[in-house]
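Tertiary structure, described
Below, each chain spelled out in residue letters.
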Amino acid sequence: MRARRNTACAAPEGAPVSRYWSSVVEGLTPYVPGEQPKLPDLIKLNTNECPYGPSPRALEALRAEVGDTLRLYPDPNSDSLKHSIAKFHGLKPAQVFVGNGSDEVLAHVFLALLKHEQPVLFPDITYSFYPVYCGLYGIAYRRVPLTASFEIRVDDYFMPNGGIIFPNPNAPTGRPLALSEIERLLRANAESVVVVDEAYVDFGAESAVGLIEHYPQLVVAHTLSKSRSLAGLRVGYALGNADLIEALRRVKDSFNSYPLDRFAAAGAAAAMEDRVYFEQTCARVIATRTRLVRDLATLGFEVLPSAANFVFARHPRHGGAELAARLRERSVIVRHFSDPPRIAQYLRITVGTDAQCAALITALGASLA
Ligand SMILES: *Cc1c(COP(=O)(O)O)cnc(C)c1O
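Note that the structure is predicted; figures quoted are calculated from it, not measured.

**Some details on the side chain of Thr 223**
- By the element assignment, Thr 223 lies in strand 7 (residues 218-223).
- Engagement of the side chain of Thr 223 in a polar contact is seen with the backbone nitrogen of Ser 225, the distance being 2.9 Å.
- Other than its neighbours up to four places away in sequence, Thr 223 contacts Ser 102, Ala 199, Val 235 and Gly 236.

**Some details on the site of the ligand**
- All residues in the neighbourhood of the ligand are listed as Gly 101, Ser 102, Asp 103, Leu 106, Tyr 127, Asp 197, Ala 199, Tyr 200, Thr 223, Ser 225, Lys 226 and Arg 234.
- Between the ligand and Asp 197, the relevant distance is 2.7 Å, taken from a nitrogen atom to a side-chain nitrogen or oxygen of the residue.
- One of the side-chain nitrogen or oxygen atoms of Arg 234 is found 2.7 Å away from an oxygen atom of the ligand.
- Considering the ligand on its own, with 380 Å² of exposed area, one finds that the protein chains cover 93% of that surface.
- Element by element, the count of residues in the shell around the ligand is highest for helix 5 (residues 101-114), at four residues.

**Description of helix 6 (residues 129-137)**
- Burial in helix 6 covers these residues: Phe 129, Tyr 130, Pro 131, Val 132, Tyr 133 and Cys 134.
- Residues of helix 6 that are buried in the fold lie against helix 5, strand 3 (120-123), strand 4 (141-144), strand 5 (163-167) and strand 6 (194-197).
- Phi turns positive, to about 65°, at Gly 138, one or two residues after helix 6.

**Describing empty space enclosed by the protein**
- Taken as a whole and judged by the stated rule, the model has one cavity of 30 Å³ or more.
- Computed from the structure, the largest cavity encloses a volume of approximately 40 Å³.
- Looking at the lining of the largest cavity, its residues break down into three nonpolar, four polar and two charged.
- Composition of the lining of the largest cavity by domain shows at least three residues from each of domain 1 (43-52 + 276-368) and domain 2 (56-273).

**As for the side chain of Thr 47**
- With respect to the helices and strands, the residue Thr 47 is situated in the loop between strand 1 (43-45) and helix 3 (56-64).
- Judged by its relative accessible area of 16%, Thr 47 is buried.
- At 3.5 Å, the side chain of Thr 47 forms a polar contact with the side chain of Gln 36.
- Looking at Thr 47, its side chain comes within polar contact range of the side chain of Lys 44, at 2.6 Å.
- What Thr 47 contacts, discounting residues up to four positions off in sequence, is Gly 34, Glu 35, Gln 36, Lys 226, Arg 348 and Thr 350.

**Side note on the sheet that holds strand 7**
- Here we have seven strands laid out as an open sheet, ordered 2-8-7-6-5-3-4, and mixed in their pairing. The open sheet is flanked by strand 2 (96-99) and strand 4, the only strands paired with a single partner. Between one strand and the next, the sheet's axes are offset by a mean angle of 20°, whatever the strand orientation.
- Here two bridges tie strand 3 to strand 5, and the two strands are oriented parallel to one another. Bridge assignment links Leu 121 to a residue of strand 5, and that residue is Ile 164.
- Contacting strand 2, strand 3, strand 5, strand 6, strand 7 and strand 8 (236-240), helix 5 runs over the sheet at an angle of about 125° to strand 2.

**Here's the deal with the pattern of salt bridges**
- Scanning all chains against the criterion turns up 18 salt bridges.
- With its nearest N and O atoms 3.0 Å apart, the salt bridge here joins Asp 253 to Arg 249.
- Judged by relative accessible area, which is 33%, Asp 253 ranks as partly exposed.
- Measuring nitrogen to oxygen at the nearest pair gives 2.9 Å for the salt bridge that ties Glu 302 to Arg 314. Within this pair, whereas Glu 302 is found in strand 9 (residues 302-303), its partner Arg 314 is found in strand 10 (residues 310-314), the two being separated by 12 residues in sequence.
- Since its relative accessible area comes to 38%, Glu 302 is described here as partly exposed.

Definitions and limits used
Residues numbered from 1 in each chain as written. Predicted model: local features only at pLDDT ≥ 70, side-chain atom pairs only at ≥ 80, totals over all residues. Heavy atoms only, no water. Helix = DSSP H or I, 4+ residues; strand = E, 2+ residues; numbered from the N terminus. Polar contact = N/O pair within 3.5 Å; in protein donor to acceptor, adjacent residues only side chain to side chain. Contact = heavy atoms within 4.5 Å. Near = heavy atom within 4 Å. Areas by Shrake-Rupley, 256 points an atom, 1.4 Å probe, with all protein chains shown as cover. Buried < 20%, exposed > 50% of the residue type's maximum accessible area, 1.4 Å probe, protein only. 1 Å grid on protein atoms, 1.4 Å probe; cavity = no way out; pocket = protein on both sides within 12 Å on 5 of 7 lines; lining within 4 Å. Points joined across faces, edges and corners; volume = space filled by probe spheres on them. Nonpolar A, V, L, I, M, F, W, Y, C, P; charged D, E, K, R; others polar. Domains from an automatic or database assignment. Pairing = 2+ DSSP bridges. Axes fitted to C-alpha atoms, helices over the stretch in contact; angles between N-to-C directions. Salt bridge = Lys/Arg side-chain N within 4 Å of Asp/Glu carboxyl O.

What follows is the structure, encoded as structure tokens:
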């Protein structure tokens, strides 16, 4: 039966099988994730993963989950993980929502809190998943241009809107926005939700988590993929007023009641508990970033000030696509965006280990020659 159903010859000749697609699928423009190469030995500086492994305590917790209990569903509410996250941030578990990566959390945020009559506002240069969620859920949006120096200017968001979302630090620029500016935005925007996507905040920006108690319209999103070295586990979370969190739970329980499996919940909780390892890892990445910025400048690159685990840099005499291709020939992969044209000359380079960054600099030096 199975084989029969899968054969293309079951369809009338000439009729594309995509005619079975829903009209929703026809209109989708999906997100394009950074490459996860199958080749070994590449220096992988293209998707902002952490170059250091997860906390040993997280690995131990993962191993402890292997066993008979895997026949049972996990806790649908991930209560124990929510408790660890709440404790880390000094909040209550009811102010925490967890999901299968912060991408999933953000998807629920768009549907639950940002889908309104007025358009959602986000920067013109930002995380390219935001317009994708708008496309999936039919949400109107408006891109607000960054300044000439790639900064978010809060005053540009003072207009009627169905919500506001931006990463802090922004991606792919790495530029942080001061907490005082975020607070000014919140004060001027009480009637719709403001989402601060803090995927990279642990590498040097000021977190808005402390503002949650003062602003019921604030949602802060975090991921364990970057600063906690767990991109492979797929865990992210949102923090905010308990009533906003309830909206997310409603969407989640209308979609997938068990987004976090037993491994994800246990490993993530142990990672949240290991504050010392987390702080050490971030400090190492920040120290390497300082050296990387200096070495790139020596090669003639202009580097935007970064508070993230990546830098955004351009060379005045070489195109971004050209440099990315030459680096690839030397087994180093970085990320290049050809759209919008304003950033086409830039490379987004993840901060790796000191050795990886030294290899990148060597490869870049040879590419420029
Ligand atoms: C990496 C990233 C995320 C998503 O992280 P997950 O791996 O899905 O948790 C969200 N927002 C921004 C800006 C990111 O760079």
